[in-house]
Structure formats: C-alpha cells, structure tokens
Amino acid sequence: MGKLMVKSGGGAVINTGSSASVMGIPGCDAYTAAKGATVSLTRSMAVEYGKKGVRVNCICPAGIATEMVKASSLDDPNFDAAYFFKRAPLSRLGEPGEIASLAVFLASDESSYINGAIIRADGGTTVTPIS
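Residues numbered from 1 in each chain as written. Predicted model: local features only at pLDDT ≥ 70, side-chain atom pairs only at ≥ 80, totals over all residues. Heavy atoms only, no water.

(A) Molecular detail of unusual backbone geometry. The phi dihedral of Ser 91 falls on the positive side, at around 55°, and the residue is not glycine. Along the chain, Ser 91 turns up in the loop between helix H4 (81–86) and helix H5 (96–107). (Helix = DSSP H or I, 4+ residues; strand = E, 2+ residues; numbered from the N terminus.)

(B) Seen up close, the nonpolar core. In this structure, Met 5, Val 13, Met 45, Ala 46, Tyr 49, Val 54 and Val 56 together form the largest nonpolar core, which totals seven residues. Broken down by secondary-structure element, the contributors of at least two residues to this core are helix H2 (29–50) and strand E2 (54–61). Ranked by the residues each element gives to this core, the list is headed by H2, at three residues. In this structure, Ala 46 is in contact with Val 56, Asn 115 and Gly 116, ignoring residues within four places of it in sequence. Counting five residues, the second largest nonpolar core, distinct from the first, contains Ile 59, Ile 64, Ile 99 and Leu 102. (Core = buried A, V, L, I, M, F, W, Y, C linked by side-chain atoms within 4.5 Å. Buried < 20%, exposed > 50% of the residue type's maximum accessible area, 1.4 Å probe, protein only. Contact = heavy atoms within 4.5 Å.)

(C) The arrangement of the layout of surface pockets in detail. The volume enclosed by the second largest pocket comes to roughly 160 Å³. Looking at side-chain class alone, the lining of the second largest pocket contains seven nonpolar, four polar and three charged residues. (1 Å grid on protein atoms, 1.4 Å probe; cavity = no way out; pocket = protein on both sides within 12 Å on 5 of 7 lines; lining within 4 Å. Points joined across faces, edges and corners; volume = space filled by probe spheres on them. Nonpolar A, V, L, I, M, F, W, Y, C, P; charged D, E, K, R; others polar.)

(D) Inspection of the sheet that holds strand E3 (residues 118–121) at higher detail. Strand order in this open sheet of three strands is E1-E2-E3, and the pairing throughout is parallel. Only two strands of the sheet have a single partner each, and these edge strands are strand E1 (11–16) and E3. The average angle at which neighbouring strand axes cross in this sheet is 25°, direction not considered. Sheet topology places E1 next to E2; six bridges connect them, and they run parallel. Counted as the bridge partner of Val 13 is Val 56 from E2. The sheet contacts of H2 involve E1, E2 and E3, and relative to E2 the element is tilted by about 160°. Running over the sheet, H5 touches E1, E2 and E3 and is turned about 165° from E2. (Pairing = 2+ DSSP bridges. Axes fitted to C-alpha atoms, helices over the stretch in contact; angles between N-to-C directions.)

(E) Layout of the pattern of salt bridges. As enumerated under the stated definition, the model contains one salt bridge in all. Linking Arg 92 and Glu 98 is a salt bridge whose minimum nitrogen-to-oxygen distance equals 2.8 Å. Under the relative-accessibility criterion, Arg 92 is labelled partly exposed at 38%. For Glu 98, a relative accessible area of 39% corresponds to the partly exposed category. (Salt bridge = Lys/Arg side-chain N within 4 Å of Asp/Glu carboxyl O.)

(F) Structural view of H5. The end-to-end C-alpha separation of H5 is 17 Å, in line with the 16 Å expected for twelve residues at 1.5 Å each. Regarding H5, the residues found buried are Ile 99, Leu 102 and Leu 106. Within H5, the buried residues cover an arc of 60° as seen down the axis, which keeps them to one side. Considering only its buried residues, H5 is in contact with E1, E2 and E3. (Expected span 1.5 Å × (residues − 1). Arc of directions from axis to C-beta.)

Here you go:
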C-alpha cells in the first residue's frame, strides 16, 4: 500500500487502533495484542514512508456507540461498563461521527505536519487511574 501511495505522489494512511492498544483490558489478550501491533506498525510505516510523502497515523478510540459495541459488549453480563466508561472524564461512549471527523482531519492537508501520531480518541479513558 505504501509503495503505491508513494508512486501516486503521497497521501495519508489512517490506521485504527483501540484504547486496548495502550492499556491492559482484562479478558481481551488477543485483541489487545492485535491493536498494539497496529500502533507499532503505524510508527514503523511513518518512519519508512514519511520522507516519501506518505503520512501514517493511528486513531485509538475507546468504546464507540455502534451496533457492534452494543451487541458484543454491552449485552455481555461480564462486561463492566462502569470500569471502561463511567470512570473516564467524559463518562460516555463516543459517537461514530466524532471518530469520522478526526479521520477526515488526518486525511486532509490541515494535518500536513502530523506523522506517526497515536491519537487517543477515548473520552479520557486511558489517562484515568483505575480506582
């Protein structure tokens, strides 16, 4: 993908990580590892392709109010919503449009100096101490 973007004159790659990329989440070992790999891949690609005109960044959302999250997490009796969202400063799930707006920004020329960023769009979930 990067080589094709270089050949076409550059651009922006936006990877999707997760709050799980940057914090431990009980019972999510494989997911956490996969999303952590996405963060590492983002950094590696940013270094490899930045000088060739391709910026690579990663959005790491926490829970977003989608049908998938509602079906897979919120209906699970072992899922503790208070642990993940109510302890965060914004105390809520994110909205899909909030993540989409960030992606549009990262794809635009307005973010031309952003490369290799791991952006936590998580309502503060990953900066809040577990109490």
